Amino acid sequence: MTANSKPCIGVLTYHNGPNFGGFMQAWHLVHAVRSLGYEAHAVNYLHATHHESNQINIPLKNLSSLKAKIFWMLKKRGFRNIENEICRHSYTTDASKVPWDDFDAFVVGSDIVWDYAQPAFGNDPAYFGEVPGLRDKPIISYAASCGPANPEGPFPDYVKEGLGRFTSIGVRDDATARLVKNAAGLESQLVVDPTWLGDDPGPTWGGLPTSKYLFAYGGRIDDQMGADLKDYCQSRGLQLVSALTSNRHADKMYRSLTPFQWVQLFKHAEATAIVGTLHGTLFTIKYGRPFVLVNTPAISPKIAQVLERTSQQFRLFEPGTITRKDLSILDRSEAEPPQIPESWLDDSRKFLGDSISKALDRS
């Protein structure tokens, strides 16, 4: 860093998989750091094993496999070259080729970057700062998560040793706070997901439905839930809209979207029905839309604090338990729309700013 230049902050996260929420959390974290007056870019790196798992290589054996392959090809089309929005360097799957010295400090997070047990992620020590070129750099975390990994351990050495070097640790959920405490004996702060830290980009997308709609998104929407949602929409003059989701009852289905278009579908919906997706829930709350959420093992530990702090626990249902009567909570007259707690948001922004400043002071 020269005397007249801004410090450059690298955001080390999962930014380039075909995952809407994964990209948007990276986009928002980069822009949140830039809003603090720093230069910031996502580190354009992913472990080779993780990269390969994102390719969705589906052998063509039958009609079902052909449909699955077309599904993923269409989904990935919306992510073509989108990393240019937040990255400066060329993409690499080799940690030794990352230009670590181009950055003055690093923020690790959000996403499940600390899932040390998931083989598909490559058991990567980079996200704990434990690779050559990164070990001597100031490093903090913001909204990092361990996902379904066991927060009680046992932990690899790179987890225990790496966490011990972080000057500040912000986590997204209680499970990750326990991991930090158990692995390194350190305290952490629960912060909001970066998608809540700022505005979403761009003007209104011209491809939105032309009439009012309910947006149903996430995992497979079973036939009964789909039929109930269809009846609900018809009784209230709404279209039933889905995207990249199994829902044969939908009036309109989107097969390919950019992450920014995906956000617009939540922003402009009258209400949403979500099956097991964290960021779908977060964007619904961000825009104050009534919703129902179907629980899944993957989302359960990640969403608990969000629902509690926004007083929306009553919107969470176990699979197969939502009835037509339950859908009445999608009406604004039946329940107050969700809101982001301003105090939590303010504390999170302050944590990010103070943590980066402290890390740079120690460099």
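Summarised in this report is the structure supplied together with it. Given the structure is predicted, the values throughout are model-derived calculations rather than measurements.

Secondary structure summary: the protein contains 10 helices and 12 strands in total. A compact globule built from 363 residues would reach a C-alpha radius of gyration of about 21 Å, and the protein, at 21 Å, matches this within 12%. For the protein, the C-alpha atoms occupy an extent of roughly 60 × 50 × 45 Å along the three principal directions. Buried residues in the protein amount to 55% of all 363 residues. Within the protein, residue pairs in contact and separated by at least 24 positions form 74% of the contacts whose partners lie at least 6 positions apart. In the form shown here, the protein has an accessible surface area of approximately 15,700 Å², with 49% of it arising from carbon and sulfur atoms. Distance between charge centroids for the protein: 6 Å, based on 38 positive and 39 negative side chains.

Bringing the sheet that holds strand S7 (residues 213-218) into the picture now. Taken in spatial order, the six strands of this open sheet run S9-S8-S7-S10-S11-S12, and their pairing is parallel. Bordering the open sheet on either side are strand S9 (252-254) and strand S12 (316-317), each of which pairs with just one other strand. Here S7 pairs with strand S8 (residues 239-243) via four bridges, running parallel. Bridge pairing links Tyr213 to Gln239 in S8.

Judged by nonpolar contacts, the single largest core of 101 residues is most densely connected at Trp114, Tyr127 and Tyr142. For this core, the element with the most residues is helix H1 (residues 20-35), which contributes nine residues.

This brings us to the packing of aromatic side chains. Summed over all chains, the structure comprises 22 aromatic pairs. Summarising the aromatic geometry, the rings of Phe103 and Phe106 are spaced 5.3 Å apart at their centres and angled 55° between planes, so their arrangement reads as tilted. What makes Phe103 buried here is its relative accessible area of 1%. Between Lys252 and the ring centre of Tyr254, over which it is positioned, the NZ or CZ distance is 5.0 Å.

Over its 20 residues, helix H10 (residues 342-361) extends 29 Å from the first C-alpha to the last, a length consistent with the 28 Å expected when each residue adds 1.5 Å. All of the buried residues along H10 are Trp344, Leu345, Ser348, Phe351, Leu352, Gly353, Ser355, Ile356, Ala359 and Leu360.

As a further point, take H1. Look at H1: 22 Å from first C-alpha to last across 16 residues, which is about the 22 Å you get at 1.5 Å a residue. Within H1, 13 of the 16 residues are buried, leaving the element largely enclosed by the surrounding structure. At the N-terminal boundary of H1, the capping side chain belongs to Asn19, with an oxygen 3.2 Å from the backbone nitrogen of Gly21. Following H1 by one or two positions, Gly37 has its phi on the positive side, about 100°.

Helix packing geometry: the angle between the two helix axes and the distance between the axes. In contact at an axis separation of 9 Å, H1 and helix H7 (residues 259-267) are set at 100° when each is read in the N-to-C sense. Relative to H7, H1 is oriented roughly perpendicular. Contact with H1, carried on its side by Phe20, Gly21, Phe23, Met24 and Trp27, involves Pro259, Phe260, Trp262 and Val263 of H7 and no other residues of that element. Residues of the contact of H1 with H7, tallied by class, amount to eight nonpolar, one polar and no charged.

What follows concerns the sheet that holds strand S6 (residues 189-190). Spatial ordering of the open sheet is given by S2-S1-S3-S4-S5-S6, a layout of six strands whose pairing is parallel. In this open sheet, the two edge strands, each paired with only one partner strand, are strand S2 (39-42) and S6. Note: strand S4 (residues 139-144) against strand S5 (residues 169-171), two bridges, orientation parallel. Following the sheet pairing, Ala144 is matched in S5 by Val171. Packing against the sheet, H1 makes contact with strand S1 (8-12), S2, strand S3 (105-108) and S4, and its axis sits at approximately 170° to S2.

Structurally, Thr210 can be placed in the loop between S6 and S7. Take Thr210: its relative accessible area is 83%, and that puts it in the exposed class. With 29 residues separating them along the chain, Thr210 and Gln239 place their C-alpha atoms 9.4 Å apart.

Rules used throughout
- Residues numbered from 1 in each chain as written.
- Predicted model: local features only at pLDDT ≥ 70, side-chain atom pairs only at ≥ 80, totals over all residues.
- Heavy atoms only, no water.
- Helix = DSSP H or I, 4+ residues; strand = E, 2+ residues; numbered from the N terminus.
- Rg over C-alpha atoms; globule rule 2.2 N^0.38 Å.
- Buried < 20%, exposed > 50% of the residue type's maximum accessible area, 1.4 Å probe, protein only.
- Contact = heavy atoms within 4.5 Å.
- Areas by Shrake-Rupley, 256 points an atom, 1.4 Å probe, with all protein chains shown as cover.
- Lys, Arg positive; Asp, Glu negative; His and termini not counted.
- Charge placed at Lys NZ, Arg CZ, Asp CG, Glu CD.
- Pairing = 2+ DSSP bridges.
- Core = buried A, V, L, I, M, F, W, Y, C linked by side-chain atoms within 4.5 Å.
- Phe/Tyr/Trp six-rings, centres within 6.5 Å; stacked < 30°, edge-to-face > 60°.
- Lys NZ or Arg CZ within 6 Å of the ring centre and 35° of its normal.
- Expected span 1.5 Å × (residues − 1).
- Polar contact = N/O pair within 3.5 Å; in protein donor to acceptor, adjacent residues only side chain to side chain.
- Axes fitted to C-alpha atoms, helices over the stretch in contact; angles between N-to-C directions.
- Parallel < 35°, antiparallel > 145°, perpendicular 65-115°, else oblique.
- Nonpolar A, V, L, I, M, F, W, Y, C, P; charged D, E, K, R; others polar.

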